[in-house]
Amino acid sequence: MWLFPAVVALATAAPDGLDDVVKALSARHAVPCVEVVALTTEPVAALLHAVDDVPRPPWAGMRAALCLLERYPEQSADELRAWVVDPDRKGLGRLTLSRVDALPMSLAMDLARRAVDEGPEPEAAKRRLSTSERPELRALAAR
């Protein structure tokens, strides 16, 4: 029974360097993602923590999401999938779709399909996809 609190504490422990990552993400002028992720040995965990748990300034979480999209899309694919379908995370879903052309093709197609089929703003997703550089994504917008 005494192990349970220890396991919970380990599971919720802040990633190494989180304070420095949050400080960089919160700066008035954006710090490049390459510099942000160099502040931690656990960049994906730190960035996800910032997206989910840093309420102020409001741009910190969005910058963290942008770094995930830019540098770790495949490692954060489950979160990206959730963002494009969760009505409470429309801003993250919109950000994800704004970067869909830079994502690996299989992930981009998966996210685009989910946004169109299950997302809270299917028409907005189609409008974004209709301007894609990739014909496969444009085809999803035409359905």
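All values reported here derive from a predicted model rather than from experimental measurement.

(A) Spatial organisation of the overall build of the protein chain. Across its full length, the protein chain holds 10 helices and zero strands. Reading the protein chain from its N end, one meets helices and strands in the order α-α-α-α-α-α-α-α-α-α. C-alpha atoms of the protein chain, sized along the principal axes, occupy 55 × 40 × 25 Å. The burial tally for the protein chain puts 42% of its 143 residues in the buried class. By element, 56% of the accessible surface of the protein chain is carried by carbon and sulfur atoms, the whole surface being about 8,200 Å². Averaged over its 18 positive side-chain charges, the protein chain has a centre that lies 7 Å from the centre of its 21 negative ones.

(B) Inspection of the packing of helix H5 (residues 58–71) against helix H7 (residues 90–98) at higher detail. Packing of H5 against H7 brings their axes to within 10 Å, and their N-to-C directions diverge by 35°. The interaxial crossing formed by H5 with H7 has right-handed handedness. Of the residues in H7, those touching H5 at Met 62, Ala 65, Leu 66 and Leu 69 are Gly 91, Leu 92, Leu 95 and Thr 96. Taken together, the residues of the contact of H5 with H7 sort by class into six nonpolar, two polar and no charged.

(C) Broad picture of the packing of helix H2 (residues 18–26) against H5. With their axes 8 Å apart at the nearest point, H2 and H5 run at an angle of 105° to one another. Relative to H5, H2 is oriented roughly perpendicular. When H2 is examined against H5, the residues Ala 24, Leu 25 and Ser 26 are found in contact with a partner set consisting of Trp 59, Ala 60, Arg 63 and Ala 64.

(D) Seen up close, the nonpolar core. The biggest cluster of nonpolar side chains holds 43 residues, and the ones touching the most others in it are Leu 25, Leu 47, Val 51, Leu 68, Trp 83, Leu 129 and Leu 137. Considering each element in turn, this core owes the most residues, seven residues, to helix H8 (residues 105–118). Those residues in contact with Leu 137 that lie beyond four places of it in its chain are Val 100, Asp 101, Ala 108, Met 109, Ala 112, Leu 129 and Ser 132.

(E) Just H7, in detail. Within H7 the residues assigned to the buried category are Leu 92, Gly 93, Leu 95, Thr 96 and Leu 97. The secondary structure elements touched by the buried residues of H7 are helix H4 (43–53), H5, helix H6 (77–85), H8 and helix H9 (122–129).

(F) The environment of Asp 20, seen in detail. On the secondary structure map, Asp 20 appears in helix H2. A C-alpha to C-alpha distance of 7.9 Å links Asp 20 and Thr 40, two positions 20 residues apart in sequence.

(G) Looking closely at the state of the cysteines. For the structure on display, the rule yields one disulfide. Linked covalently through their sulfurs, Cys 33 and Cys 67 form a disulfide whose S-S length is 2.1 Å. Linking Cys 33 and Cys 67, the disulfide has an S-S dihedral of approximately -90° and is accordingly described as left-handed. Placement of Cys 33 in helix H3 (residues 33–37) and of Cys 67 in helix H5 is noted, with a sequence separation of 34 residues between them.

(H) Representation of the confidence of the model for the protein chain within the structure. Averaged over all residues, the pLDDT of the protein chain is 92; the fraction at 70 or higher stands at 92%. Within the model, the stretch residues 1–11 combines pLDDT values under 50 with zero contacts to residues more than four positions away or in other chains.

(I) Structural detail: the pattern of salt bridges. According to the stated counting rule, one finds seven salt bridges in the structure shown. For the salt bridge of Arg 94 with Glu 121, the shortest nitrogen-to-oxygen distance reads 2.4 Å. Within this pair, whereas Arg 94 is found in helix H7, its partner Glu 121 is found in the loop between H8 and H9, the two being separated by 27 residues in sequence. The partly exposed category is assigned to Arg 94, whose relative accessible area is 48%. For Arg 114, the salt bridge identified is with Asp 110, shortest N-O distance 2.9 Å. Linking Arg 114 with Asp 110, this pair stays in helix H8, spanning four residues, or about one helical turn. A relative accessible area of 27% means that Arg 114 is categorised as partly exposed. Each member of the salt-bridge network shares a partner with another, and the members are Asp 78, Arg 81, Asp 110 and Arg 114.

Each value, and the rule that gives it
- Along each chain, the written sequence defines residue order, and numbers are assigned to residues from 1.
- Where totals are concerned, whole chains, interfaces and linings use all residues; where local detail is concerned, this predicted model gives features only for residues with pLDDT of at least 70, and gives and counts side-chain atom pairs only at 80 or more.
- Hydrogens and water are ignored here; the side-chain numbers use all heavy atoms of the structure.
- For the purposes of this entry, the term helix denotes a DSSP run of H or I that reaches at least four residues, the term strand denotes a run of E that reaches at least two, and both are numbered from the N terminus.
- Under the scheme applied here, a residue whose accessible area is under 20% of the maximum for its type counts as buried, over 50% as exposed, and between as partly exposed, the area being computed with a 1.4 Å probe on protein chains only.
- The Shrake-Rupley method, run with a 1.4 Å probe, gives the accessible areas here. Residue values count only the displayed protein chains as cover.
- The charge count treats Lys and Arg as positive and Asp and Glu as negative. His and the chain ends do not count.
- Charge placement uses NZ in Lys and CZ in Arg. For Asp and Glu, CG and CD serve respectively.
- Note on definitions: angles span 0 to 180 degrees between N-to-C directions of axes, and those axes are lines fitted to C-alpha atoms, for helices only across the stretch in contact.
- Crossing chirality is assigned from the near helix's rotation relative to the far helix, an anticlockwise turn below a right angle marking it left-handed and a clockwise turn marking it right-handed.
- Throughout, a contact is declared for two residues whenever any of their heavy atoms are within 4.5 Å.
- Three categories are distinguished: nonpolar for Ala, Val, Leu, Ile, Met, Phe, Trp, Tyr, Cys and Pro, charged for Asp, Glu, Lys and Arg, and polar for the others, with Gly belonging to the last.
- Angles are sorted into four bins: roughly parallel if under 35 degrees, roughly antiparallel if over 145, roughly perpendicular if 65 to 115, and oblique for all others.
- Take the buried Ala, Val, Leu, Ile, Met, Phe, Trp, Tyr and Cys residues and link them wherever side-chain atoms come within 4.5 Å; each set so joined is a nonpolar core.
- Only a pair of cysteine sulfur atoms within 2.5 Å qualifies as a disulfide here.
- On a scale of 0 to 100, pLDDT captures the predictor's confidence in every residue.
- Any Lys or Arg side-chain nitrogen found within 4 Å of a carboxyl oxygen on Asp or Glu counts as a salt bridge.

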